[in-house]
Amino acid sequence: RRRKLSTIYAHAIRASEMINEIAAAARLPQPEHATVDLGSVVAEIVGELQPAAEEQATRLTFERPERVFAIEADATQLAVAMREIVLNALESLKRSTRRGEISVSIHPAADGFAEIAVADNGPGLDARAKRHLFDPFFSGYESGRGLGFGLTKCWQIVEAHGGTIVVDSQPEQGTTITLRLPLSQSSDKKSTSCEIVDG
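Reading guide: rules and limits
Residues numbered from 1 in each chain as written. Predicted model: local features only at pLDDT ≥ 70, side-chain atom pairs only at ≥ 80, totals over all residues. Heavy atoms only, no water. Helix = DSSP H or I, 4+ residues; strand = E, 2+ residues; numbered from the N terminus. Expected span 1.5 Å × (residues − 1). Buried < 20%, exposed > 50% of the residue type's maximum accessible area, 1.4 Å probe, protein only. Polar contact = N/O pair within 3.5 Å; in protein donor to acceptor, adjacent residues only side chain to side chain. pLDDT = per-residue confidence, 0-100. Contact = heavy atoms within 4.5 Å. Salt bridge = Lys/Arg side-chain N within 4 Å of Asp/Glu carboxyl O. Axes fitted to C-alpha atoms, helices over the stretch in contact; angles between N-to-C directions. Left-handed = near helix turned anticlockwise from the far one by under 90°. Nonpolar A, V, L, I, M, F, W, Y, C, P; charged D, E, K, R; others polar. Parallel < 35°, antiparallel > 145°, perpendicular 65-115°, else oblique.

Remarks on helix 3 (residues 75-93)
Okay, so step 1: Here helix 3 contains 19 residues, and its C-alpha end-to-end distance of 27 Å stays within 8% of the 27 Å for a straight helix at 1.5 Å per residue.
Okay, so step 2: Of all 19 residues in helix 3, 14 are buried; the element is thus mostly enclosed.
Okay, so step 3: For helix 3, the N-terminal capping position is held by Asp74, with its side-chain oxygen 3.0 Å away from the main-chain nitrogen of Thr76.

This is the structure in structure tokens:
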């Protein structure tokens, strides 16, 4: 009886999570814009996910740039988008036989955008996975692992901020997901430090 009740409880929790995810995807709040330093947002998320990376023996690195990449954005939503991208890379590396490596970097683009690239050496994506990667309910993992809303939320957030997402991946050649976000006019400042997060 305890086992049956435990199973019922687990399924109820999962159903609740799915309902919450559906509601969040359907009613993403409008961004509350403020001047945000991309480097600070990325450093916070990488630091937050370091324990998970270390637990699965994955090397997660981010070298914070000296330049301040300032954008007008909702810092909370931007952190959600970054977290989902890095979590997706961590999950993909669980299926890899090689030692996992994820590198996160920020670079300027010539058209007034900043590019945040998350590159992993995992198994890569086939054509079907790339085509549906940001679709609701789609999960590239085995049944029961993912709810299929994480990257959908990421895409919605980036689009709401006037940005785009580029996916570069081939089977067995790793994946690089690049978030392109418009810079504000205050992005020519210099940062006071260079931070390296290394797992």
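Following the structure, the description resumes.
Description of the confidence of the model for the protein
Reading predicted coordinates in detail is not appropriate for stretches of low pLDDT.
Okay, so step 1: Per-residue confidence for the protein gives a mean pLDDT of 80; residues scoring 70 or more make up 77%.
Okay, so step 2: Mean pLDDT across the elements of the protein bottoms out in strand 8 (residues 196-198) (35) and peaks in strand 4 (residues 101-108) (95).
Okay, so step 3: When the criterion is pLDDT under 50, residues 189-199 qualifies, and its contacts beyond four places in sequence or with other chains add up to 30 contacts.

Examining the pattern of salt bridges
Okay, so step 1: Applying the stated criterion across every chain, the model contains 6 salt bridges.
Okay, so step 2: The residue Arg64 makes a salt bridge to Asp37 at a minimum N-O spacing of 3.1 Å. With a gap of 27 residues between them, Arg64 in the loop between strand 2 (59-63) and strand 3 (70-73) and Asp37 in strand 1 (residues 34-37) connect regions that are remote in the sequence. Considered together, Arg64 and Asp37 belong to a single accessibility category, that of buried residues.
Okay, so step 3: For Asp111, the salt bridge goes to Arg180, with nearest N and O atoms at 2.7 Å. Here the residue Asp111 occupies a position in the loop between strand 4 and strand 5 (113-120), and Arg180 occupies one in strand 7 (residues 175-182), the gap between them amounting to 69 residues.

What about the packing of helix 2 (residues 38-55) against helix 3?
Okay, so step 1: The interhelical angle for the contact between helix 2 and helix 3, taken along N-to-C directions, is 40°, at an axis separation of 10 Å. Between helix 2 and helix 3 the crossing geometry is right-handed. Taking contact as the criterion, the partners of Leu38, Val41, Val42, Ile45, Glu48, Leu49, Ala52 and Ala53 in helix 2 are, on helix 3, Leu78, Ala79, Met82, Arg83, Val86, Leu87 and Leu90.
Okay, so step 2: Of the residues belonging to the contact of helix 2 with helix 3, the class tally is 13 nonpolar, no polar and 2 charged.

Digging into unusual backbone geometry
Okay, so step 1: One non-glycine residue with positive phi stands out, namely Ala57, at about 60°.
Okay, so step 2: As for its placement among the helices and strands, Ala57 is situated in the loop between helix 2 and strand 2.
Okay, so step 3: Overall, the relative accessible area of 46% leaves Ala57 in the partly exposed class.
Okay, so step 4: With phi around 65°, Glu172 is a residue other than glycine that occupies positive phi space.
Okay, so step 5: When you line up the elements, Glu172 lands in the loop between strand 6 (164-169) and strand 7.
Okay, so step 6: Accessibility expressed as a relative area gives 54% for Glu172, which makes it exposed.

Considerations on the packing of helix 3 against helix 5 (residues 150-160)
Okay, so step 1: Where helix 3 contacts helix 5, the two axes come as close as 9 Å, and the packing angle between them is 140°. Judged on the interaxial angle alone, helix 5 and helix 3 are oblique. In this structure, helix 3 meets helix 5 at a crossing whose hand is left-handed. Contacts between helix 3 and helix 5 pair Gln77, Leu78, Val80, Ala81, Glu84, Ile85 and Asn88 from the former with Gly150, Leu151, Lys153, Cys154 and Ile157 from the latter.
Okay, so step 2: When the residues that make up the contact of helix 3 with helix 5 are grouped by side-chain class, the tally is 7 nonpolar, 3 polar and 2 charged.

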